[in-house]
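Survey of secondary and tertiary structure
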Amino acid sequence: MDLYTKHNDSLSILCRLCRGKIVPKVGYKNPKQATEFKNQIEMLFNYNLSNDQPSVDPPKLCGSCARQIRSVENHCIPQPIAKFPEHSDSVSCDVCRKKIEHS
(Lines give C-alpha, C1' and ligand atoms only; values in the text may rest on other atoms or scores of the structure.)
Protein backbone atom coordinates (compact mmCIF):
# COMPACT_ATOMS: atom_id res chain seq x y z
CA MET A 1 0.00 0.00 0.00
CA ASP A 2 1.49 3.36 -0.98
CA LEU A 3 1.73 6.40 1.32
CA TYR A 4 -1.10 8.25 -0.45
CA THR A 5 -3.49 5.33 0.07
CA LYS A 6 -2.45 5.00 3.74
CA HIS A 7 -2.96 8.74 4.19
CA ASN A 8 -6.46 8.63 2.67
CA ASP A 9 -7.31 5.59 4.80
CA SER A 10 -6.22 7.54 7.90
CA LEU A 11 -8.39 10.51 6.90
CA SER A 12 -11.39 8.28 6.19
CA ILE A 13 -11.66 7.21 9.84
CA LEU A 14 -11.47 10.71 11.34
CA CYS A 15 -14.33 13.09 12.02
CA ARG A 16 -14.13 16.36 10.07
CA LEU A 17 -15.33 18.41 13.03
CA CYS A 18 -13.85 16.94 16.22
CA ARG A 19 -10.93 15.03 14.70
CA GLY A 20 -11.99 11.99 16.70
CA LYS A 21 -11.73 8.45 15.37
CA ILE A 22 -14.89 7.13 13.73
CA VAL A 23 -15.62 3.64 14.99
CA PRO A 24 -18.42 1.93 13.05
CA LYS A 25 -20.86 0.10 15.32
CA VAL A 26 -22.97 -2.88 14.38
CA GLY A 27 -26.60 -1.89 13.89
CA TYR A 28 -25.87 1.83 13.45
CA LYS A 29 -25.93 3.83 10.27
CA ASN A 30 -22.67 4.51 8.46
CA PRO A 31 -20.83 7.75 9.26
CA LYS A 32 -22.31 10.77 7.51
CA GLN A 33 -20.51 12.67 4.78
CA ALA A 34 -19.64 16.17 5.98
CA THR A 35 -21.10 17.56 2.75
CA GLU A 36 -24.55 16.31 3.85
CA PHE A 37 -24.36 18.99 6.56
CA LYS A 38 -22.67 21.69 4.47
CA ASN A 39 -25.23 24.43 5.22
CA GLN A 40 -25.51 23.58 8.91
CA ILE A 41 -21.71 23.53 9.32
CA GLU A 42 -21.44 26.91 7.65
CA MET A 43 -24.18 28.33 9.89
CA LEU A 44 -23.01 26.75 13.18
CA PHE A 45 -19.24 26.79 12.76
CA ASN A 46 -18.87 29.70 10.34
CA TYR A 47 -16.87 27.39 8.05
CA ASN A 48 -17.37 26.74 4.34
CA LEU A 49 -16.70 23.11 3.38
CA SER A 50 -16.19 24.19 -0.24
CA ASN A 51 -12.65 25.15 0.78
CA ASP A 52 -11.83 21.64 2.03
CA GLN A 53 -9.15 19.66 0.24
CA PRO A 54 -9.72 15.89 -0.09
CA SER A 55 -6.03 15.17 0.58
CA VAL A 56 -6.08 17.22 3.81
CA ASP A 57 -9.60 17.27 5.29
CA PRO A 58 -11.51 14.17 6.43
CA PRO A 59 -14.76 13.68 4.50
CA LYS A 60 -16.97 12.24 7.27
CA LEU A 61 -18.61 13.15 10.57
CA CYS A 62 -18.80 10.91 13.62
CA GLY A 63 -22.25 10.08 14.97
CA SER A 64 -21.76 12.40 17.93
CA CYS A 65 -21.01 15.45 15.77
CA ALA A 66 -23.85 14.64 13.37
CA ARG A 67 -26.26 14.43 16.33
CA GLN A 68 -24.87 17.66 17.78
CA ILE A 69 -25.46 19.47 14.49
CA ARG A 70 -29.02 18.18 14.30
CA SER A 71 -29.77 19.18 17.89
CA VAL A 72 -28.27 22.68 17.83
CA GLU A 73 -28.79 23.78 14.25
CA ASN A 74 -31.62 26.08 15.37
CA HIS A 75 -29.40 27.77 17.97
CA CYS A 76 -26.90 29.56 15.66
CA ILE A 77 -23.98 29.65 18.12
CA PRO A 78 -20.67 29.31 16.24
CA GLN A 79 -18.53 26.45 17.58
CA PRO A 80 -14.78 25.79 17.14
CA ILE A 81 -13.84 23.39 14.36
CA ALA A 82 -10.74 21.18 14.15
CA LYS A 83 -7.97 22.54 11.92
CA PHE A 84 -6.24 20.26 9.44
CA PRO A 85 -3.15 22.15 8.19
CA GLU A 86 -2.12 21.90 4.56
CA HIS A 87 0.93 19.71 3.96
CA SER A 88 2.91 18.21 1.12
CA ASP A 89 3.91 14.78 2.42
CA SER A 90 3.09 12.19 5.07
CA VAL A 91 6.12 13.19 7.17
CA SER A 92 4.61 16.62 7.83
CA CYS A 93 1.06 15.27 8.14
CA ASP A 94 -0.26 15.32 11.73
CA VAL A 95 -2.74 12.54 10.97
CA CYS A 96 -0.16 10.16 9.48
CA ARG A 97 2.50 11.01 12.07
CA LYS A 98 0.13 10.25 14.97
CA LYS A 99 -0.95 6.99 13.36
CA ILE A 100 2.70 5.96 12.97
CA GLU A 101 3.49 6.92 16.60
CA HIS A 102 0.57 4.82 17.89
CA SER A 103 1.39 1.78 15.74
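Now for a look at the structure at hand. Predicted model only: the values in this text are computed from it and were never measured.

By volume, the largest pocket is sized at about 450 Å³. As for the largest pocket, its lining consists of 17 residues, of which Y28, K29, C62, G63 and R67 are closest to the centre. Among the elements that line the lining of the largest pocket, the one with the most residues is helix α3 (residues 63-72), at five residues. Grouping the constituent residues of the lining of the largest pocket by class yields eight nonpolar, three polar and six charged.

Further remarks concern the state of the cysteines. According to the stated counting rule, one finds zero disulfides in the structure shown. The cysteine C62 is free of any disulfide, with C65 supplying the nearest cysteine sulfur at 3.7 Å. C65 takes part in no disulfide bond, and the closest cysteine sulfur to it belongs to C15, at a distance of 3.6 Å.

What follows is about the pattern of salt bridges. The tally for this structure, following the rule as stated, stands at two salt bridges. Note that D52 and R16 form a salt bridge whose closest N and O atoms lie 3.0 Å from each other. With D52 in the loop between α2 (38-45) and β2 (60-61) and R16 in the loop between α1 (3-12) and β1 (32-33), this pair connects stretches of sequence that are 36 residues apart. Through salt bridges with shared partners, a single network forms among R16, D52 and D57.

Okay, unusual backbone geometry next. The backbone of R19 sits at a positive phi, close to 70 degrees, despite the residue not being glycine. Of the residues examined, R19 reaches a relative accessible area of 27% and is grouped as partly exposed.

Let us look at the nonpolar core. The biggest cluster of nonpolar side chains holds 16 residues, and the ones touching the most others in it are C15, L17, I41, F45, L61 and I69. Elements that contribute at least two residues to this core include exactly α2 and α3. Setting aside chain neighbours within four positions, we find L17 in contact with I41, F45, L61, C65, I69, I81 and A82. Counting eight residues, the second-largest nonpolar core is a separate cluster that includes L14, F84, V95 and C96.

Each value, and the rule that gives it
Residues numbered from 1 in each chain as written. Predicted model: local features only at pLDDT ≥ 70, side-chain atom pairs only at ≥ 80, totals over all residues. Heavy atoms only, no water. 1 Å grid on protein atoms, 1.4 Å probe; cavity = no way out; pocket = protein on both sides within 12 Å on 5 of 7 lines; lining within 4 Å. Points joined across faces, edges and corners; volume = space filled by probe spheres on them. Helix = DSSP H or I, 4+ residues; strand = E, 2+ residues; numbered from the N terminus. Nonpolar A, V, L, I, M, F, W, Y, C, P; charged D, E, K, R; others polar. Disulfide = S-S within 2.5 Å. Salt bridge = Lys/Arg side-chain N within 4 Å of Asp/Glu carboxyl O. Buried < 20%, exposed > 50% of the residue type's maximum accessible area, 1.4 Å probe, protein only. Core = buried A, V, L, I, M, F, W, Y, C linked by side-chain atoms within 4.5 Å. Contact = heavy atoms within 4.5 Å.

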